[in-house]
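Geometric and topological summary
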Amino acid sequence: MAFIRTPDASASEKTASMYASAEASYGYLPNMYRAFGHRPEVMENWGTLLASIRGHMSQRRYELVTLAAARELKSSYCMLAHGSVLLRDGFTNDSLSAVAGGSEKAPIDAVERAIMDFAAKVARDATSVTQKDVDGLKRQGLSDAEIFDVTAAAAARCFFSKMLDALGAAPDHAYAERLDPKLRQNLAIGRPIEGLNSNHS
């Protein structure tokens, strides 16, 4: 599932603890945790960073920002993971596909569309962000602190998505089992799901 050898639980107490916790949460050991098996403290600190960012945003806003950044990064893993959260939180297969594809018919309001566009720009090329972009978010009612939060969520996604893709961590096969095939195809825009090739996703 990766370009590097990933350790088993015997590697260290921290690795064993991380794997056990992940298995308890997901019912299996996700590939993203295996990818961090050599440095479980990095995953632990990643979790702390995310908690500090998410703590100032609604879950819906955080997930939409993350989805926009992941789409720009062509991260199948993060699109599938965070799309699944939105699916559990009330989106239908069709509405989520519309959001994931950036459709004008996506069931999001003007503020959400603005923050997703901004998050995509941060992930695509942060040097292209201008004062005009930030002022546009302010006109949508966002405060300076809220703009910081959106930026932090988008920028943080660059770290995690790029780590997984650069190490060759394939999205877990569980996504193939749990998601509608059409939706799965719309979310898996980069690396194919483990065990599936691009022609069968």
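Residues numbered from 1 in each chain as written. Predicted model: local features only at pLDDT ≥ 70, side-chain atom pairs only at ≥ 80, totals over all residues. Heavy atoms only, no water.

Looking at the overall build of the chain
Secondary structure assignment for the chain yields 11 helices and zero strands. Each helix and strand of the chain, placed in order from N terminus to C terminus, yields the pattern α-α-α-α-α-α-α-α-α-α-α. For the chain, whose C-alpha radius of gyration is 17 Å, the value lies close to the compact-globule estimate of 17 Å for 201 residues. Seen through its C-alpha atoms, the chain measures out along the principal axes to roughly 55 × 35 × 30 Å. Burial analysis of the chain (201 residues in total) assigns 47% to the buried set. In the chain, once contacts between residues fewer than 6 apart in sequence are set aside, the share between residues at least 24 apart is 65%. Within the chain, one finds 23 positive and 24 negative side-chain charges whose respective centroids are separated by 4 Å. (Helix = DSSP H or I, 4+ residues; strand = E, 2+ residues; numbered from the N terminus. Rg over C-alpha atoms; globule rule 2.2 N^0.38 Å. Buried < 20%, exposed > 50% of the residue type's maximum accessible area, 1.4 Å probe, protein only. Contact = heavy atoms within 4.5 Å. Lys, Arg positive; Asp, Glu negative; His and termini not counted. Charge placed at Lys NZ, Arg CZ, Asp CG, Glu CD.)

Some points on the pattern of salt bridges
Under the counting rule described, the total for this entry stands at six salt bridges. A salt bridge links Lys138 to Asp144; its shortest N-O distance comes to 2.9 Å. For Lys138, a relative accessible area of 36% translates into the label partly exposed. A relative accessible area of 54% means that Asp144 is categorised as exposed. (Salt bridge = Lys/Arg side-chain N within 4 Å of Asp/Glu carboxyl O.)

A look at the nonpolar core
Within soluble globular proteins, side chains that are nonpolar tend to cluster in buried spots. Ranked by internal contacts, the top residues of the largest apolar core, which has 62 residues, are Val65, Val99, Phe160, Leu164 and Leu187. Ranked by the residues each element gives to this core, the list is headed by helix H9 (residues 144-166), at nine residues. In this structure Val65 touches Met57, Ile115, Ala119, Val150, Ala153 and Ala154, once residues within four positions along its chain are discounted. (Core = buried A, V, L, I, M, F, W, Y, C linked by side-chain atoms within 4.5 Å.)

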